[in-house]
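# Coordinates in review
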Amino acid sequence: MIKKVESNKKYEEYLKKTQPKPNYFKNCLWAFIVGGLICTFAQIVHDLFEKYLNMEHVEATSATVMTMIFIGATLTGLGVYDKIGKRAGAGSIIPITGFANAIVAPAMEFKREGIIFGVGAKMFILAGPILVHGILASVIVGFIHYFLKR
Amino acid sequence: MRTKKMGNQTIKFKNPPIILSTASIVGAKEGEGPLAKYFDKIIEDDLYGEESWEKAESKLVEDAVRLAVTRGELQLADIEYMLGGDLLNQLIATSFAASKLQIPFFGLYGACSTMTESLSLASIIIDGEFANKVIATTSSHFATAERQFRFPLEHGNQRAPTAQWTVTGAGAVLLSSTGEGPVITHITTGKVIDFGVVDANNMGAAMAPAAADTIATHLKDTGFKPNDYDLIITGDLGKYGKEIAIDLLRKEGHKVKNVFSDCGNEIFDHEKQDTHAGGSGCGCSAVVFCGYLIDQLKNKKLNKILLVSTGALFSPTSSQQGGSIPSIAHAVTIENVSIK
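Going along each chain's sequence as written, the residues are numbered from 1 onward. Ligands are numbered from 1 and chains lettered from A, in the order in which they are written. Where local features are concerned, this predicted model is filtered to residues with pLDDT of at least 70; where side-chain atom pairs are given and counted, the filter is 80 or more; whole-chain, interface and lining totals use all residues. Side-chain metrics rest on all non-hydrogen atoms present in the structure, leaving aside hydrogens and water.

## Things to note about the nonpolar core
Residue and element names in this part refer to chain B. Definition of nonpolar core: a set of buried residues of the types Ala, Val, Leu, Ile, Met, Phe, Trp, Tyr and Cys, connected through side-chain atoms within 4.5 Å. Using a 1.4 Å probe on the protein chains alone, a residue whose accessible area is under 20% of its type maximum counts as buried, one over 50% counts as exposed, and one in between counts as partly exposed. Counting 43 residues, the largest nonpolar core has Leu119, Ile184, Phe289, Leu293 and Ile334 as its most contacted members. Note on conventions: DSSP H or I runs of at least 4 residues are helices, E runs of at least 2 residues are strands, and numbering of each starts at the N terminus. Among the elements that line this core, the one with the most residues is helix H9 (residues 282-298), at 10 residues. Inspection of this core shows a minimum of three residues originating in each of domain 1 (5-176) and domain 2 (184-335). Residue contacts are defined here by distance: any two heavy atoms, one from each residue, within 4.5 Å place the two residues in contact. Aside from chain neighbours lying at most four places away, what touches Leu293 is Leu231, Ile233, Val288, Leu302, Ile305 and Leu307. As used throughout, domain bounds are those supplied by an automatic or database domain assignment.

Spelled out as structure tokens, the structure:
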């Protein structure tokens, strides 16, 4: 009965007018601040590694990445990272701590389905697409770089 | 010979089934909401002493059924049929509970419309004189729904303003051919309506046309006016979906605004509890009905209500394949009338 007066197209337009939109400005601001804080913190860790452990730049980078992954994973396990992510959005998803979160969260979630089909199979359910497309992109960029250099 | 049908989609019962008792069990978050005092039991831990969320949800169903039967002063063996369902694949929450309860069982899938779907069919069984005691039940659990439909719990993602929060809870209604209590006088069975909404973060918008369609059909079939009801309450349209349904009905010439509400809008305090557009899930209309609404009916604060549980009939597969969200709503009229 309702169908006669409302077409799908008209309904879509109606929804566009009436439904609330996310507050993009607020979300961007949160993402900028939290993402910035995570990166600043990592930079401090990096500098400390160089200064006090006498690491080379590249060596300190690897150590920093490992530290940040450890922190991201720990905060996920403690149930804190999802609360940060709720506000920060991309600000806490894009840094490597977010990558750790994307792997640890499903691993925790699916441990009840067992080590093989639970943790093993579902661990990369969120990070898998990032790896696949990230590696693909790096290969393409590698080719472009190779041919441009010649 | 068809004698109980009114209009195209409505049945008027000759022997209206009586709601002998109800039971509602909810999770901790629902227990902090505005309707907390009406629920029979609030569990402190969402695992409910079990090893997994799914087992916890199943235990919610089992305990709700047991509680409703006890309150009706009956034994499990007195119940002739159990009708119910949940949101999980292959209805594991309800089926596993039915395995323990040992009541002849029909498993139903109507997504979040399952409360009124099971009530409708249970009423038909009783009015048709196939049984005297039938139980209708349904459940949902925030954690089981999240992992099946969305993301792992600990993943740090952001929710849309129109997203809803799946209610953890189970409700059970014990219907009887004799006894005291509010009665079910009419049911209107909905059609699947699809207005092409693809956004799984705005299920209120997907389901509102189905709710409006069923309510408009109900009013047409029965000849009732919106004001004949003390309350017309939808299942889980949420804050925004509710407004859409009111708007769609207004365009059809039905002024429902003054008597209209939504269970998903009532169960949480959206600002304080951070539930965005409101509650959802099979358990939403189930516990609001079995806890709050039945209390209002018994205390005569409400005397005639139309419960319209709403369901979004999609799956993660259909959604990932770009499919829209077909929706359904079933309406049940519950009244205080004395039946001898």
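Having seen the model, we can carry on.
## As for the interface of chain A and chain B
In this assembly, 34 residues from chain A lie in contact with 37 residues from chain B. Summed over both sides, the interface between chain A and chain B buries roughly 3100 Å², with carbon and sulfur atoms accounting for 57% of that surface. When a carboxyl oxygen of Asp or Glu is within 4 Å of a side-chain nitrogen of Lys or Arg, the pair counts as a salt bridge. Our count for the contact surface shared by chain A and chain B stands at three salt bridges. A salt bridge links A:Glu109 to B:Arg147; the nearest nitrogen and oxygen atoms lie 3.1 Å apart. A 3.5 Å cut-off defines polar contacts: any pair of N or O atoms within that distance qualifies, except that in protein one atom must be a possible hydrogen donor and the other a possible acceptor, and neighbouring residues in sequence count only when both atoms are side-chain atoms. Here chain A and chain B share 12 residue pairs in polar contact (both at pLDDT 80 or more) between them. Those elements that place two or more of their residues in the side of chain A that touches chain B are helix H1 (8-18), helix H4 (81-88) and helix H6 (96-109) of chain A. Ten residues, namely Ala, Val, Leu, Ile, Met, Phe, Trp, Tyr, Cys and Pro, are considered nonpolar, four, namely Asp, Glu, Lys and Arg, are considered charged, and the remaining ones, Gly among them, are considered polar. For the side of chain A that touches chain B, the class distribution of residues is 17 nonpolar, eight polar and nine charged. A quick way to say it: buried area is the sum, across both parts, of accessible area lost when two parts are put together, with a 1.4 Å probe.

## Things to note about the domain arrangement of chain B
All names here are of chain B. One can read the domain layout of chain B as domain 1 (5-176) and domain 2 (184-335). Computed over C-alpha atoms, the centres of domain 1 and domain 2 are 17 Å apart. Contacts between the two partners involve 60 residues from domain 1 and, on the opposite side, 63 residues from domain 2. Taken together, both faces of the contact between domain 1 and domain 2 bury some 4800 Å²; the carbon and sulfur share is 63%. Put simply, domain 1 and domain 2 have zero salt bridges between them. Taken together, the links from domain 1 to domain 2 amount to 23 residue pairs in polar contact (both at pLDDT 80 or more). For the side of domain 1 that touches domain 2, the secondary-structure elements that each account for two or more residues are strand S2 (10-12), strand S3 (18-26), helix H3 (114-127), strand S7 (133-140), helix H4 (142-149), strand S8 (165-166) and strand S9 (169-176). Examining the composition of the side of domain 1 that touches domain 2, we find that eight residues originate from one element, H3, more than from any other. Across the side of domain 1 that touches domain 2, the residue classes tally to 31 nonpolar, 22 polar and seven charged.

## Points about helix H2 (residues 92-101) of chain B
The α-helix winds at 3.6 residues per turn, so residues separated by three or four positions along the chain end up facing the same way. Residue and element names in this part refer to chain B. Along H2, the residues classified as buried are Ala93, Thr94, Ala97, Ala98 and Leu101. Along the axis of H2, the buried positions cluster into a sector of 125°, meaning they face one direction only. Exposed residues lying more than 90 degrees from the buried face of H2 are Phe96 and Lys100. Note on H2: the residue one or two positions beyond its end, Gln102, has a positive phi of about 55°. Working note: the arc is built from the helix axis to C-beta atom directions.

## Quick word on the pairing of S9(B)
All names here are of chain B. The element S9 is largely enclosed, with a buried count of eight among its eight residues. The two faces of S9 match: Gly169, Gly171, Val173 and Leu175 on one face and Ala170, Ala172, Leu174 and Ser176 on the other face are all buried. Two elements, S3 and S9, share eight bridges in a ladder whose sense is antiparallel. Bridge pairing links Val26 to Gly169 in S9. Being paired, for any two strands, means DSSP has found at least two bridges between them. Bridging between S7 and S9 involves eight bridges; their strand directions are antiparallel. Bridging from a neighbouring strand, Ser140 pairs with Gly169 of S9.

## A closer look at the pattern of salt bridges
One pass over the full model with this rule turns up 15 salt bridges over all chains. Between B:Glu54 and B:Arg147 there is a salt bridge, and its shortest N-O distance comes to 2.9 Å. Of the two residues, B:Glu54 sits in helix H1 (residues 53-71) while B:Arg147 sits in helix H4, which places them 93 residues apart along the sequence. In this pair, the class of B:Glu54 matches that of B:Arg147, namely buried. The salt bridge involving B:Glu243 is made with B:Lys257; its shortest N-O contact spans 3.8 Å. With B:Glu243 in helix H6 (residues 238-251) and B:Lys257 in the loop between H6 and strand S12 (260-262), this pair connects stretches of sequence that are 14 residues apart. Using a relative accessible area of 37% as the deciding quantity, one classes B:Glu243 as partly exposed. According to the relative accessible area criterion, B:Lys257 is exposed, its value standing at 55%. The network of salt bridges with common partners includes A:Glu109, A:Glu113, B:Glu54 and B:Arg147.

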